[in-house]
Amino acid sequence: MVSFSEERPKNMAAGQNVISDAKSVLNMSITMTVSAQKPPAPPGCISVSRKKLLQNLEINAGARVNAWVDSMKASSPTHIKSLPSPSDDDVSWNLHHPSALEMFEQIIDESKGKQIVMFLDYDGTLSPIVEDPDRAFMSKKMRKTVRKLAKCFPTAIVSGRCRDKVYKFVKLAELYYAGSHGMDIKGPEKRSKSKKDSESVLFQPASEFLPMIDEVYKQLAETTKSTPGAKVENNKFCLSVHFRCVDEKKWSELAQQVRSVLKKYPKLRLTQGRKVLEIRPTIKWDKGKALEFLLESLGFANCANVFPVYIGDDRTDEDAFKILRDRGQGFGILVSKFPKDTSASYSLQEPDEVMDFLRRLVEWKQLPVRAQSRM
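Residues numbered from 1 in each chain as written. Predicted model: local features only at pLDDT ≥ 70, side-chain atom pairs only at ≥ 80, totals over all residues. Heavy atoms only, no water.

**Topic: the sheet that holds strand β9 (residues 276-281)**
Stage number 1. The four strands lie next to each other as β6-β7-β9-β8, forming an open sheet whose pairing is antiparallel. The strands lining the two open edges of the sheet, one partner per strand, are β6 (231-234) and β8 (268-273). Ignoring strand direction, the axes of neighbouring strands in this sheet form an average angle of 20°.
Stage number 2. In terms of strand pairing, strand β7 (residues 239-242) meets β9 through four bridges, oriented antiparallel. Each residue of the ladder has a partner; that of Leu239, found in β9, is Ile279. (Pairing = 2+ DSSP bridges. Helix = DSSP H or I, 4+ residues; strand = E, 2+ residues; numbered from the N terminus. Axes fitted to C-alpha atoms, helices over the stretch in contact; angles between N-to-C directions.)

**Some details on helix α7 (residues 210-223)**
Stage number 1. The end-to-end C-alpha separation of α7 is 20 Å, in line with the 20 Å expected for 14 residues at 1.5 Å each.
Stage number 2. Every buried residue of α7 is accounted for by Ile213, Val216 and Leu220. Here the buried residues of α7 occupy an arc of 70° about the axis, which is enough to place them on one side. Facing away from the buried side of α7, by more than 90 degrees, are the exposed residues Pro211 and Lys218. (Expected span 1.5 Å × (residues − 1). Buried < 20%, exposed > 50% of the residue type's maximum accessible area, 1.4 Å probe, protein only. Arc of directions from axis to C-beta.)

**Observations regarding the packing of aromatic side chains**
Stage number 1. This structure, assessed with the given rule, holds twelve aromatic pairs.
Stage number 2. Look at Tyr167 and Tyr177: their rings are 5.2 Å apart centre to centre, the planes differ by 75°, and that puts the pair in the edge-to-face class. With Tyr167 in helix α5 (residues 163-170) and Tyr177 in strand β3 (residues 176-179), this pair connects stretches of sequence that are ten residues apart.
Stage number 3. Of the residues examined, Tyr167 reaches a relative accessible area of 36% and is grouped as partly exposed. (Phe/Tyr/Trp six-rings, centres within 6.5 Å; stacked < 30°, edge-to-face > 60°.)

**Let's talk about the pattern of salt bridges**
Stage number 1. The tally for this structure, following the rule as stated, stands at 17 salt bridges.
Stage number 2. With a shortest N-O distance of 2.9 Å, Lys225 and Glu222 are connected by a salt bridge.
Stage number 3. Judged by its relative accessible area of 47%, Glu222 falls in the partly exposed class.
Stage number 4. Two residues, Asp356 and Arg359, come together in a salt bridge whose shortest N-O distance is 4.0 Å. (Salt bridge = Lys/Arg side-chain N within 4 Å of Asp/Glu carboxyl O.)

**A few points about the nonpolar core**
The tendency in soluble globular proteins is for nonpolar side chains to be buried as a group.
Stage number 1. Counting 49 residues, the largest nonpolar core has Phe119 and Leu220 as its most contacted members.
Stage number 2. Among all residues touching Leu220, those that are not within four sequence positions of it are Val232, Leu239, Val241, Val258, Val261 and Ile279.
Stage number 3. Counting residues in hydrophobic clusters, the runner-up holds 40 residues, among them Leu101, Met138, Met142 and Leu175. (Core = buried A, V, L, I, M, F, W, Y, C linked by side-chain atoms within 4.5 Å. Contact = heavy atoms within 4.5 Å.)

Written as structure tokens, this is what we have:
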């Protein structure tokens, strides 16, 4: 039975602080001290009045919020224009990211003689994207398919959701779970008479941020309650501000509300996904790091005969896609109906296609060895 190593990954220190990616978007706290009498400006320096400086700061902050809203709109379109026929760009994108179903035989050829390890995002991959994130249930057929998949290959769910919450959706104890964008990892429990031996090792690199996350959650829930449709979700080691049900005209207001809270917390960074703003600790940890940690825990850290496959639909999955591309092992599959910038090698359009792909993998694995070699 595979167990997790408690040793921390290389180049990773607990609670390590890095410069917040959100600082380019959010104007973090600025402390200004003004003396009773204004001193003369030193030689070679230009004197700027406090009033003028504050005006400039406010203008820049507004520009940053507007830029953030533009980014929200770009990544979360509310209206998709239907085209009579695929554009040249669509054709080019499909050539570089062909359907994993259509290329299934080629994928199998690449994986022969290697150990396939499966990594699956949850929302938008195993379950459809829904307006209420608390009702993102996976179908019974999908659960049955994933259960069969786990019997054939080591399988992990890597999600931005709280690990406990995604487990309640999936309900499969034999899987590995990496919640909070990989900041909360747990393996299958071992079957043993000894309670000590049966416990699965947890890996939580952002534990020291828990009090801060809880504090920010309460503030965001209070601050955003005036925006209809906004929903703040506590994912234990990170927070999600869902705006799927928020009128697009209110997005700027919501971005300003989030900014007003986060400017007091420079140790947290802000990223975005599909109609969701994600608040995470500023440690060097993401879904790509979680993938590497899981491979190491499974004994495949420096193995040339491993073939990882990561399937996901969100921007946060790109970290895992990039890791696989850089390793030159396995590949990523982007779940999307529309062309996107991605480091994934293949594509699938929706969760139903994901289920079809997983079924074909299981069917291939269950074939006699001779039949597998003929594919």
